[in-house]
Amino acid sequence: MPEGSSVCNLESKVGDRGTLARAGGCYATIIAHNSEENRTRIKLPSGHKVVVPSGARAMVGVIAGGGRVDQPLLKAGNAYHKYKCKRNTWPKVRGVAMNPVD
């Protein structure tokens with residue numbers, strides 16, 4: 001594939017069935033090829049640059065579903081379920097709203 005191509009579902013090792021750039025709206029960009037070592041430099045959606053084997057497979061294009069996180073959550077229940085699987089960061093209670101302890 002030529003440099004600058006957008007790819008998704010990229011294999012980090014040959015035959016691992018795709019592990020990189022798999023979320024909705026994500027893509028990786030091919031930066032350069034090294035034909036002597038059979039390696040390819042890839043820029044991931046996070047901005048990190050990785051080197052993968054040139055024989056690693058990938059899908060051309062961008063995964064559908066981009067912009068999903070831009071929509072409002074609308075209900076407190078949706079925010080509850082969103083943060084429940086991550087960490088205990090919701091709801092945020094302000095310190096001034098708590099009971100003062102002398």
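Structure shown above.
Counting starts from 1 at the beginning of each chain's written sequence and moves along it residue by residue. Given that this is a predicted model, residues contribute local features only at a pLDDT of at least 70 and side-chain atom pairs are listed and counted only at 80 or more, while totals for whole chains, interfaces and linings are drawn from all residues. Values shown for side chains rest on all heavy atoms present in the structure; no hydrogens or waters enter the calculation.

## Focus on the overall build of the protein
Looking only at helices and strands, one finds 1 helix and 5 strands in the protein. Working definition: helices are DSSP H or I runs of at least four residues, strands are E runs of at least two. Numbering for both runs from the N terminus. Mapped in sequence order, the helices and strands of the protein form the string β-β-β-β-β-α. Taken over C-alpha atoms, the radius of gyration is set against a globule rule of 2.2 Å times the number of residues to the power 0.38. Relative to a compact globule of 102 residues, whose C-alpha radius of gyration would be 13 Å, the protein shows 20 Å and is clearly more extended. When the backbone C-alpha atoms are referred to their principal axes, the protein occupies close to 70 × 30 × 25 Å. The 102 residues of the protein split such that 17% are buried. Whether two residues are in contact is decided by their heavy atoms, any of which lying within 4.5 Å being enough. For the protein, the proportion of contacts with a sequence separation of at least 24, taken over those separated by at least 6, is 44%. Lys and Arg are tallied as positive, Asp and Glu as negative. Neither His nor the chain termini are counted. For this purpose, a charge sits on NZ of Lys, CZ of Arg, CG of Asp or CD of Glu. Within the protein, the 7 negative side-chain charges are centred at a point lying 11 Å from the centre of the 16 positive side-chain charges. Categorising residues by exposure relies on relative accessible area from a 1.4 Å probe, with only protein chains included: less than 20% of the type maximum marks a residue as buried, more than 50% marks it as exposed, and the intermediate range marks it as partly exposed.

## What about the packing of aromatic side chains?
For Phe, Tyr and Trp, rings pair up if their centres lie within 6.5 Å, where Trp contributes its six-membered ring, and each pair is then called stacked (planes under 30 degrees apart), edge-to-face (over 60) or tilted (otherwise). Evaluated as defined, the whole model comprises 1 aromatic pair. For the ring pair Tyr-80 and Trp-90, a centre distance of 6.4 Å and an interplane angle of 65° mean the geometry is edge-to-face. Note that Tyr-80 is positioned in helix H1 (residues 76-84) and Trp-90 in the segment after H1, a separation of 10 residues in sequence. Residue Tyr-80 is classed as partly exposed on the basis of its relative accessible area, which comes to 42%. The partly exposed category is assigned to Trp-90, whose relative accessible area is 31%.

## Describing the environment of Lys-43
Positionally, Lys-43 belongs in strand E3 (residues 39-43). Measuring from C-alpha to C-alpha, the distance between Lys-43 and Leu-73 comes to 31 Å, with 30 residues separating the pair along the chain. Those residues in contact with Lys-43 that lie beyond four places of it in its chain are Ala-28, Thr-29, Ile-31, His-48 and Lys-49.

## Points about the nonpolar core
Looking at soluble globular proteins, one finds that nonpolar side chains tend to be buried together. The nonpolar core is taken to be a set of buried Ala, Val, Leu, Ile, Met, Phe, Trp, Tyr and Cys residues, with the residues joined through side-chain atoms within 4.5 Å. Grouped together as the largest cluster of nonpolar side chains are 9 residues: Val-7, Leu-10, Leu-20, Ala-21, Ala-28, Ile-30, Ile-42, Leu-44 and Val-52. The residues touching Ala-21, leaving out its near neighbours within four places in the chain, are Val-7, Cys-8, Asn-9, Cys-26, Tyr-27, Ala-28, Pro-45 and Ile-63.

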